[in-house]
Amino acid sequence: MKIVSTSGPLLTIFIIQIVFLPISHCRADLIDQTCKQTPNYNLCVSSLKSNPRSSATDVKGLAIIMVEVLKSKANETLNKIWAQLLRHEDPAVRNCYDHYGYMVGAFIRDIYGDLTSRGVGGNFVRYNPAQAERRLHDDVIRRVDHCRHGFGKGRQSPFGKENKATREAAVVAAAIVRILI
Ligand SMILES: *[C@@H]1O[C@H](CO)[C@@H](O)[C@H](O)[C@H]1NC(C)=O
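Below is a short write-up of the structure. (Residues numbered from 1 in each chain as written. Predicted model: local features only at pLDDT ≥ 70, side-chain atom pairs only at ≥ 80, totals over all residues. Heavy atoms only, no water.)

Below, the discussion takes up the side chain of Thr166. Note on placement: Thr166 falls in helix H6 (residues 160-180). Of the residues examined, Thr166 reaches a relative accessible area of 0% and is grouped as buried. Once you skip the residues sitting within four places of it in the chain, Thr166 turns out to touch Leu70, Lys73, Ala74, Thr77, Tyr100 and Val144. (Helix = DSSP H or I, 4+ residues; strand = E, 2+ residues; numbered from the N terminus. Buried < 20%, exposed > 50% of the residue type's maximum accessible area, 1.4 Å probe, protein only. Contact = heavy atoms within 4.5 Å.)

Next up, the structure:
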């Protein structure tokens, strides 16, 4: 009796899946295929799926979404650094503030420009994924590492968690951008 009473709804779900699966499946495939080419599959999938735009875009669109994720991670880190700096001045914290300030204020915006061809301050920006990848390494990943290393060996960075999140987002973004080159 139990089987009979549950088979109705189950059958309905099954039919709905058959009808709608091909549409959503195709998108899920693009995210899946793209994220498999990055060194952090889980972070990639969860970051992309958190943005509804990812369900209807191409690889370039996914790269842009990942750069936006990176920007919000970097900004969260910058906010935490700033709060710490307000409490007391510290050269290592100030060093992080400078690096993250440039990232959030300029470099990530430039990377966004490389991928969207959207000009900043009236300048024409050409679509240039190779430059975006280079900037992700030179202007983001390298600066995150400079922030971390600024605390020296004996001292743990107070932004370890945020630095790691920013770095991981940048590494995934760089790997997606690489597919576009
Ligand atoms: C960064 O975060 C602050 C505080 O939440 C916010 O006011 C600011 O607009 C953010 N900046 C960017 C570039 O997202």
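What follows concerns the site of the ligand. Near the ligand you find Lys71, Asn75, Asn79 and Val104, and these make up its full shell. Here an oxygen atom of the ligand sits 3.1 Å away from a polar atom, N or O, in the side chain of Asn79. Taken by itself the ligand offers 360 Å² of open surface, and the protein chains cover 35% of this. Examining the composition of the shell around the ligand, we find that three residues originate from one element, helix H3 (residues 59-87), more than from any other. For the shell around the ligand, a count of residues per class yields one nonpolar, two polar and one charged. (Near = heavy atom within 4 Å. Polar contact = N/O pair within 3.5 Å; in protein donor to acceptor, adjacent residues only side chain to side chain. Areas by Shrake-Rupley, 256 points an atom, 1.4 Å probe, with all protein chains shown as cover. Nonpolar A, V, L, I, M, F, W, Y, C, P; charged D, E, K, R; others polar.)

On to the environment of Asn51. With respect to the element layout, Asn51 can be found in the loop between helix H2 (41-49) and H3. Considered as a pair, Asn51 and Val69 are 18 residues apart in the sequence and their alpha carbons are 9.2 Å apart. With near-sequence residues (within four places) excluded, Asn51 lies in contact with Ile65 and Glu68.

Along the chain, Asn128 falls in the loop between helix H4 (91-116) and helix H5 (129-149). Judged by its relative accessible area of 26%, Asn128 is partly exposed. Remark: the alpha-carbon pair of Asn128 and Val177, spanning 49 residues in sequence, is separated by 9.9 Å. Separated by 3.0 Å, the side chain of Asn128 and the backbone nitrogen of Gln131 make a polar contact.

With that out of the way, let us pick up H6. Under the 1.5 Å per step criterion, the end-to-end length of H6 is 31 Å for 21 residues, consistent within 8% with the ideal 30 Å. Restricting attention to buried positions, one finds in H6 the residues Glu162, Asn163, Thr166, Ala169, Ala170, Val172, Ala173, Ala174, Ala175, Ile176 and Val177. (Expected span 1.5 Å × (residues − 1).)

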